[in-house]
Amino acid sequence: DIWLIDAKHTMTDNLPSLGDIKDGLLKMMLFTNLKDVKIGSKKFNPVPILKLTTGNSFLIGELNDSQKELLETLKKEAKTNGFRILMNKEFIA
């Protein structure tokens, strides 16, 4: 496997901006459609990952309702379209 990661970061204790997340989703569309990934002559299985990182005191349980809804929508997108979501250091989808 080879991990293809697009990372979006914010220094605050909130999620990265909606614009950044949309940009990451666009890259996930590209990464999930890769068919023949090689380095030299060696073939790899691509694993697309959208990585979201936040400030040090971020707690997922303290998100407001719209942020929770955004994360749930992202999880559904990940499941439907075959990519993973890494939130700080934990996979959430």
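If you're wondering where the values come from, they're calculated on a predicted model, not measured in any experiment.

A. Focus on the packing of aromatic side chains. Tallied over the full model, the rule gives one aromatic pair. The cationic tip of Arg84 hangs over the ring face of Phe91; the distance from NZ or CZ to the ring centre is 3.8 Å.

B. Expanded view of the sheet that holds strand β5 (residues 84–87). Strands sit in the order β1-β4-β5-β6 across an open sheet of four strands; the sheet is mixed. Both edges of this open sheet fall to β1 (2–9) and β6 (90–91), since each of them pairs with a single strand only.

C. Here's a closer look at unusual backbone geometry. With phi around 55°, Asn88 is a residue other than glycine that occupies positive phi space. Among the secondary structure elements, Asn88 is positioned in the loop between β5 and β6. Classification of Asn88 by relative accessible area gives partly exposed; the value is 23%.

D. Representation of the nonpolar core in the model. In terms of nonpolar packing, the biggest core is built from 14 residues, with Leu52, Leu74 and Ile85 touching the most fellow members. For this core, the secondary structure elements donating two or more residues are α1 (18–32), β4 (46–53), α2 (65–81) and β5. It is α2 that provides the largest number of residues to this core, a total of three residues. For Leu52, the contacting residues outside a window of four places in its chain are Lys8, Pro16, Ile21, Leu74, Ile85, Leu86, Met87 and Asn88.

Thresholds applied
- Residues numbered from 1 in each chain as written.
- Predicted model: local features only at pLDDT ≥ 70, side-chain atom pairs only at ≥ 80, totals over all residues.
- Heavy atoms only, no water.
- Phe/Tyr/Trp six-rings, centres within 6.5 Å; stacked < 30°, edge-to-face > 60°.
- Lys NZ or Arg CZ within 6 Å of the ring centre and 35° of its normal.
- Pairing = 2+ DSSP bridges.
- Helix = DSSP H or I, 4+ residues; strand = E, 2+ residues; numbered from the N terminus.
- Buried < 20%, exposed > 50% of the residue type's maximum accessible area, 1.4 Å probe, protein only.
- Core = buried A, V, L, I, M, F, W, Y, C linked by side-chain atoms within 4.5 Å.
- Contact = heavy atoms within 4.5 Å.

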